[in-house]
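Given next are the chains, with one letter for each unit.
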Amino acid sequence: MLFRSDFTRQTEEFMKAAREIRVPEQVQAMIEDGVARGRKTVDGLTDVAVDGAKVAEDVFLAVHAGAKTIGEKLIENTRANSAAVFAATTEIARAKSLPEAARLQAEFVRTQFQVAGAQAQELFQLYASVAKGTFEQVNTATSRAVDRRSEEHTSELQSPCNLVCRLLLEKK
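Please read all numbers here as calculations on a predicted model, not as lab measurements.

Concerning the overall build of the protein chain
Thought 1: A tally of helices and strands in the protein chain yields 4 helices and 0 strands.
Thought 2: The N-to-C order of helical and strand elements in the protein chain reads α-α-α-α.
Thought 3: Burial analysis of the protein chain (172 residues in total) assigns 12% to the buried set.
Thought 4: Long-range contacts, defined here as pairs at least 24 residues apart, represent 76% of the contacts in the protein chain between residues at least 6 apart.

Shown next as structure tokens:
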């Protein structure tokens, strides 16, 4: 029981002393400044994350658009080539003689080689164009994000506190 009353008395004395202690203004100012700097840092990191997400979104949209264009071209070529095969097959089936059928088949093969070459060249140009556009989109989006960060960093360095620190460092 004695221990308990001592403990209670000591606790009450501690609480009374704690109620009378005041946090110095300089300490309060340091804490508030630390919180403000922490908030600014988190806001900056959030902005970086948002910029990064926007860059990724822009790139994915560019890639998707390019893939869609290439896919549509491949489907168009497949339909055209299939139609050509069935047209040639129908013509060959209607041939009146074996030499006529052979001539029609040879014409079809020669024509399809030319068509396939033109389609391959067109697809190559399309792939190159899509790749170029995608890389340009990546560069543009990344540059915008970097420029924004750079502008914010420059303005931070020109704040009165950082300006004094920078001037002091330059004197050394």
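A short note on helix H2 (residues 25-93)
Thought 1: A rise of 1.5 Å per residue sets the reference length of H2, with its 69 residues, at 102 Å; its end C-alpha atoms lie 100 Å apart and thus fit the reference within 8%.
Thought 2: Looking only at H2, the buried set comprises Asp 51, Val 55, Asp 58, Val 59, Gly 66, Ile 70, Lys 73, Asn 77 and Ala 88.

Here we look at a nonpolar patch on the surface
Thought 1: Taken together, Val 23, Val 27, Ile 31 and Val 35 make up a surface patch of nonpolar side chains, about 320 Å² in accessible area.
Thought 2: Along the chain, Val 27 falls in helix H2.
Thought 3: Look at Val 27 and you get partly exposed, because its relative accessible area is 33%.

Some thoughts on the side chain of Gln 119
Thought 1: For Gln 119, the position within the fold is in helix H3 (residues 98-157).
Thought 2: A polar atom in the side chain of Gln 119 sits 3.0 Å from the side chain of Asn 81.

Focus: the pattern of salt bridges
Thought 1: Taken as a whole and assessed by the stated rule, the structure comprises 8 salt bridges.
Thought 2: When the shortest N-O distance is used, the salt bridge between Glu 136 and Lys 132 registers 3.9 Å. With a gap of 4 residues between them, Glu 136 and Lys 132 both fall in helix H3, about one helical turn apart.
Thought 3: Among the charged side chains, a salt-bridge network with shared partners connects Asp 6, Arg 9 and Glu 13.

Overview of the environment of Gln 137
Thought 1: Positionally, Gln 137 belongs in helix H3.
Thought 2: Counting along the chain gives 78 residues from Gln 137 to Val 59, while the straight-line C-alpha distance between them is 6.2 Å.
Thought 3: In this structure, Gln 137 is in contact with Asp 58, Val 59 and Ala 62, ignoring residues within four places of it in sequence.

Definitions and cut-offs
Residues numbered from 1 in each chain as written. Predicted model: local features only at pLDDT ≥ 70, side-chain atom pairs only at ≥ 80, totals over all residues. Heavy atoms only, no water. Helix = DSSP H or I, 4+ residues; strand = E, 2+ residues; numbered from the N terminus. Buried < 20%, exposed > 50% of the residue type's maximum accessible area, 1.4 Å probe, protein only. Contact = heavy atoms within 4.5 Å. Expected span 1.5 Å × (residues − 1). Patch = residues over 30% accessible without salt bridge, like charges linked within 9 Å, V, L, I, M, F, W, Y side chains within 5 Å. Areas by Shrake-Rupley, 256 points an atom, 1.4 Å probe, with all protein chains shown as cover. Salt bridge = Lys/Arg side-chain N within 4 Å of Asp/Glu carboxyl O. Polar contact = N/O pair within 3.5 Å; in protein donor to acceptor, adjacent residues only side chain to side chain.

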